[in-house]
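Topology and contacts: notes
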Amino acid sequence: MIQRPRRNRVSAGVRALVREHELSPAHLVWPVFVHDGPGCTAIAAMPGCQRLDVPALLDAAREALAAGIRALALFPVIPAARKDPQGSAALDPEGILPRAIRSLKQAFPELVVITDVALDPYSSDGHDGLVIEGRIANDATLPILAQMAVLHARCGADVVAPSDMMDGRVAAIRQALDSAGFSETLICSYTAKYASSFYGPFREALDSAPRFGDKRSYQMDPANAREAEREAALDEAEGADWLLVKPGLPYLDIIARLRTHTCLPIAAYQVSGEYAMLKAAARNGWIDERACLLESLLAFRRAGADIIFTYAALEAARWLRA
Ligand code: PBG
């Protein structure tokens, strides 16, 4: 007898019954850039994304919620004049990010607000950690990250997301949050964040490219997969609530691998360069934007991601509901 797997694809009804994974707006996190403004500015390599001022951020949140997206991830754009080697603007309670968090939570208490914890947007060196004598000073960075996390939590952030890749930062942040009374604030750890070339458009958006060297002494080597398991085990032991893999599509194997090694939720980050590639091809009429975008997001779910960060969240959510 010939085996006929095609019987399970015979009609839309049968296909729907046997479908293994699904994608819905509830899985999406929309990363957005926020700046002082006034007004919004375009980001050349990220068509459709803008640096938003706070009123525009509130409009964006309203649109997101209406489309079924429940979570926003905020990235602050800091003017060059306010960047310094210590990244001291990161701890300013009146800085753009604290103000943005407070406004969002005041207007939309139910929105899940996720904040980035790393020094690069604020550092005149463009590195995620403190630079001391030309090196990234791991342990000296930890208390600053912990204070940032507490500041964000105090402003109302629901989830803090350390994207810096310093060793021991999840434990430092957890401890600081707990002692400040924020035991309910989640930590989404960028567990397997690779030293990727796909972050280019993001660094353009923030003007945050490293001013010297690169990030290879803290972000992971794209050649390594086993090492991601080690990072995951450490983050889990240190108290992470979610483990994030980044970039996304080129690293589906890492998502699938971590899925078999942890019970924690896994987040995937479809990064700026991935978004730029999709947009560029679509704008040239070379691919079907809607179909390719939704296929790429479904692939994250199939690989084992629970949560998907994508700059295309709003359009994806609208298409999913259409
Ligand atoms: C830095 C950070 C980066 C991104 C998110 N957080 C860039 C980097 O590590 O240089 C990239 C996101 C993207 O490319 O979409 N803390």
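Small disclaimer: the values here were computed from a predicted structure and weren't measured.

The rules we used
- Along each chain, the written sequence defines residue order, and numbers are assigned to residues from 1.
- Where local features are concerned, this predicted model is filtered to residues with pLDDT of at least 70; where side-chain atom pairs are given and counted, the filter is 80 or more; whole-chain, interface and lining totals use all residues.
- Side-chain numbers here rest on the full set of heavy atoms in the structure, without hydrogens or water.
- Here a helix means four or more residues in a row that DSSP labels H or I, a strand means two or more in a row labelled E, and each is numbered from the N terminus.
- Our radius of gyration is a C-alpha quantity, and the globule rule it is checked against amounts to 2.2 Å times the number of residues to the power 0.38.
- Any residue under 20% of the maximum accessible area for its type is buried, any over 50% is exposed, and the rest in between are partly exposed; the area is computed with a 1.4 Å probe on protein chains only.
- By convention in this text, a residue qualifies as near a molecule or strand provided that one of its non-hydrogen atoms is within 4 Å of it.
- Under the rule applied, a polar contact is a pair of N or O atoms within 3.5 Å (in protein, one hydrogen donor and one hydrogen acceptor; residues adjacent in sequence only if both atoms are side-chain atoms).
- In the scheme used here, Gly and all other residues not listed as nonpolar or charged are polar, with Ala, Val, Leu, Ile, Met, Phe, Trp, Tyr, Cys and Pro taken as nonpolar and Asp, Glu, Lys and Arg as charged.
- What a helix should span is 1.5 Å times the count of its residues minus one.
- Contacts were defined at the residue level, with two residues in contact if any of their heavy atoms lie within 4.5 Å.
- Pairing of aromatic rings covers Phe, Tyr and Trp, the last counted by its six-membered ring, and requires centre-to-centre distances within 6.5 Å; plane angles under 30 degrees mean stacked, over 60 mean edge-to-face, and any other angle means tilted.
- In this description, a line fitted to the C-alpha atoms serves as the axis of each element, helices being fitted only across the stretch in contact, and the angle between N-to-C directions of two axes falls anywhere from 0 to 180 degrees.
- Working definition: roughly parallel below 35 degrees, roughly antiparallel above 145 degrees, roughly perpendicular at 65 to 115 degrees, and oblique for all remaining angles.
- Two helices crossing with the near one rotated counterclockwise from the far one by less than a right angle form a left-handed crossing, whereas a clockwise rotation gives a right-handed crossing.
- DSSP-based pairing: two strands are paired if at least 2 bridges between them are found.
- In this text, buried Ala, Val, Leu, Ile, Met, Phe, Trp, Tyr and Cys residues form a nonpolar core when linked through side-chain atoms within 4.5 Å.
- Every case where a carboxyl oxygen of Asp or Glu lies within 4 Å of a side-chain nitrogen of Lys or Arg is listed as a salt bridge.
- Residues qualify for a patch when their relative accessible area is over 30% and they have no salt bridge, like charges being joined within 9 Å and the nonpolar side chains of Val, Leu, Ile, Met, Phe, Trp and Tyr within 5 Å.
- Working definition of accessibility: Shrake-Rupley area with a 1.4 Å probe, residue cover restricted to the visible protein chains.
- Charge convention: Lys and Arg are scored as positive, Asp and Glu as negative, and His as well as the terminal groups of each chain are ignored.
- Lys charges are placed at NZ, Arg charges at CZ, Asp charges at CG and Glu charges at CD.

1. Some thoughts on the overall build of the chain
If you tally the helices and strands in the chain, you get 11 helices and 12 strands. Relative to the 2.2 N^0.38 estimate, which gives 20 Å for 322 residues, the radius of gyration of the chain is 20 Å and therefore close to what a compact globule would have. Projecting the C-alpha coordinates of the chain onto the three principal axes gives extents of approximately 70 × 45 × 40 Å. Out of the 322 residues belonging to the chain, those deemed buried represent 55%.

2. Some details on the site of the ligand
Contacts to the ligand come from 16 residues, most closely from Arg 203, Lys 215, Lys 246, Ser 272 and Tyr 311. A distance of 2.9 Å separates a nitrogen atom of the ligand from a polar side-chain atom of Asp 128. A distance of 2.8 Å separates an oxygen atom of the ligand from a polar side-chain atom of Gln 219. When grouped by side-chain class, the residues that make up the shell around the ligand number 7 nonpolar, 3 polar and 6 charged.

3. Observations regarding helix H3 (residues 96-107)
A rise of 1.5 Å per residue sets the reference length of H3, with its 12 residues, at 16 Å; its end C-alpha atoms lie 16 Å apart and thus fit the reference within 8%. All of the buried residues in H3 are Ile 96, Leu 97, Pro 98, Ala 100, Ile 101, Leu 104 and Lys 105. Packed against the buried residues of H3 are strand S1 (28-34), helix H2 (54-66), strand S4 (71-76), strand S5 (112-117) and helix H4 (138-155).

4. Overview of the packing of aromatic side chains
Summed over all chains, the structure comprises 10 aromatic pairs. Judged by centre distance (6.4 Å) and plane angle (50°), the ring pair of Phe 75 and Tyr 269 falls under tilted. Of this pair, Phe 75 sits in strand S4 while Tyr 269 sits in strand S11 (residues 266-270), and the two are 194 residues apart along the sequence. The exposure class assigned to Phe 75 is buried, which follows from its relative accessible area of 2%. With relative accessibility at 1%, the residue Tyr 269 sits in the buried group.

5. Re the packing of H3 against H4
In the contact formed by H3 and H4, the axes pass within 8 Å of each other and the chain directions differ by 30°. As judged from the angle between their axes, H3 and H4 are roughly parallel. Handedness of the crossing formed by H3 with H4: right-handed. Counted together, Leu 97, Pro 98, Ile 101 and Arg 102 of H3 and Leu 151, His 152 and Cys 155 of H4 form the full contact between these two elements. Class assignment for the residues of the contact of H3 with H4 results in 5 nonpolar, 1 polar and 1 charged.

6. So, the pairing of strand S12 (residues 307-310)
The two faces of S12 match: Ile 307 and Phe 309 on one face and Ile 308 and Thr 310 on the other face are all buried. Across 2 bridges, S1 lies against S12 in parallel orientation. When the sheet's bridge partners are listed, Leu 28 is paired in S12 with Ile 308. Bridge analysis of S11 against S12 gives 4 bridges, and the strand direction is parallel. Considered in S12, the bridge of Ala 267 is made with Ile 307.

7. Some thoughts on the nonpolar core
The biggest cluster of nonpolar side chains holds 111 residues, and the ones touching the most others in it are Phe 33, Leu 104 and Phe 309. Considering each element in turn, this core owes the most residues, 10 residues, to H4. Setting aside its immediate chain neighbours within four residues, Phe 309 contacts Val 29, Pro 31, Ala 73, Ile 114, Cys 188, Leu 244, Ala 267, Ala 268, Tyr 269 and Gln 270.

8. Concerning the pattern of salt bridges
For the coordinates displayed, the defined rule picks out 19 salt bridges. For the salt bridge of Lys 215 with Asp 120, the shortest nitrogen-to-oxygen distance reads 3.7 Å. With Lys 215 in the loop between helix H6 (200-206) and helix H7 (226-238) and Asp 120 in the loop between S5 and strand S6 (131-132), this residue pair connects regions lying 95 residues apart in the sequence. In this structure Lys 215 comes out as buried when scored by relative accessible area, which is 6%.

9. A few points about a positive patch on the surface
A cluster of basic residues, Arg 4, Arg 6, Arg 7 and Arg 9, forms a positive patch at the surface. Inspection of the secondary structure assignment puts Arg 9 in the segment before helix H1 (12-18).

10. Quick notes on the packing of helix H8 (residues 252-259) against helix H10 (residues 289-303)
Following both chains from N to C, one finds H8 and H10 inclined at 30°, their axes separated by 8 Å at the closest point. The orientation of H8 with respect to H10, classified from their angle, is roughly parallel. When H8 is examined against H10, the residues Leu 252, Ile 255, Ala 256 and Arg 259 are found in contact with a partner set consisting of Ala 299, Phe 300, Arg 302 and Ala 303. Of the residues in the contact of H8 with H10, the class split is 6 nonpolar, no polar and 2 charged.

Worth remembering: the numbers are spatial, not functional.
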